[in-house]
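Letter by letter, the chains look like this.
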Amino acid sequence: MNATATPLSPLAPYAATLLRLALGVLFLVHALTKLLVFTPAGTAAFFESLGLPGVLGYLTIAVELTISAALLLGIYARWIGLLGVPLLLGTIVTVHGANGFSFANTGGGWEYPAFWALALVVLFLLGDGRWTLRSR
């Protein structure tokens, strides 16, 4: 059967919405943890302990908040969500990759950020879903 002849489920836009909102909440929780628990200065110090410029800690908080807002409000969500993919892959390279696959490993393995990055790609392929402020 031709793939273009297969109709999508009428519920697919709602599935995309649910995925978009869940991803938005994840980014919001991670940004607020860096902002309110670790503090921006603490986050910058952690980045420096990894050999990265401390300013990347501040930038990461800003990017996570921006992605969160775009996903939750539906503002070009599928495109802005893609900005999270290199961010998450960066966490694998700099932090989680050396800890093995399982996120249950000490320090957290790369399983969770890899799945999160994949979910962002799936959202991009599905589209923004319903109830968006700006969609493309």
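Residues numbered from 1 in each chain as written. Predicted model: local features only at pLDDT ≥ 70, side-chain atom pairs only at ≥ 80, totals over all residues. Heavy atoms only, no water.

Inclusion rule: UniProt positions are given in the numbering used here, feature names are shortened, and annotations may be inferred rather than shown by experiment.
Going by the annotation in an unreviewed UniProt entry, the name recorded for the protein is DoxX family protein, with Stenotrophomonas lactitubi given as the source organism. Listed in UniProt under the heading Sequence similarities (unreviewed entry), the comment for the protein reads: "Belongs to the DoxX family." Taken from UniProt, the Subcellular location (unreviewed entry) comment for the protein reads in full: "Cell membrane".

1. Here we look at the pattern of salt bridges
For clarity, the threshold we go by: A pair is scored as a salt bridge if a Lys or Arg side-chain nitrogen falls within 4 Å of a carboxyl oxygen belonging to Asp or Glu. Only DSSP runs of H or I with at least four residues qualify as helices, and only runs of E with at least two residues qualify as strands; both kinds are numbered from the N terminus onward. Using a 1.4 Å probe on the protein chains alone, a residue whose accessible area is under 20% of its type maximum counts as buried, one over 50% counts as exposed, and one in between counts as partly exposed.
Taken as a whole and assessed by the stated rule, the structure comprises one salt bridge. Across the pair Glu64 and Lys34 runs a salt bridge whose closest N-O atoms are separated by 3.1 Å. Linking Glu64 in helix α3 (residues 55-73) with Lys34 in helix α1 (residues 12-37), this pair joins segments that are 30 residues apart in sequence. In this structure Glu64 comes out as buried when scored by relative accessible area, which is 5%. On the accessibility criterion, Lys34 (15% relative accessible area) is buried.

2. Things to note about the packing of aromatic side chains
In plain terms, the rule: Pairing of aromatic side chains requires ring centres within 6.5 Å, counting the rings of Phe and Tyr and the six-membered ring of Trp. Pairs whose planes differ by under 30 degrees are stacked, by over 60 edge-to-face, and all others tilted.
Summed over the entire model, instances satisfying the criterion amount to seven aromatic pairs. For the pair Phe46 and Phe47, a centre-to-centre distance of 6.5 Å together with 85° between the ring planes defines the contact as edge-to-face. On the basis of relative accessible area, Phe46 is assigned to the partly exposed category, the value being 41%. Judged by its relative accessible area of 13%, Phe47 falls in the buried class. In this structure an aromatic cluster arises from ring pairing among Phe27, Phe103, Tyr112 and Trp116.

3. A word on α1
Selection rule: Take the residue count of a helix, subtract one, and multiply by 1.5 Å to get its expected span. A contact between two residues is defined here by any heavy atoms of the two lying within 4.5 Å.
If you check α1, its first and last C-alpha atoms are 37 Å apart, about what 26 residues at 1.5 Å a residue would give, namely 38 Å. Turning to α1, its buried residues number three or more, namely Ala16, Thr17, Arg20, Leu23, Gly24, Phe27, Ala31 and Lys34. Along its buried surface, α1 packs onto α2 (40-49), α3, α4 (77-81), α5 (84-96) and α6 (111-126). Following α1 by one or two positions, Thr39 adopts a phi angle in the positive range, close to 70°.

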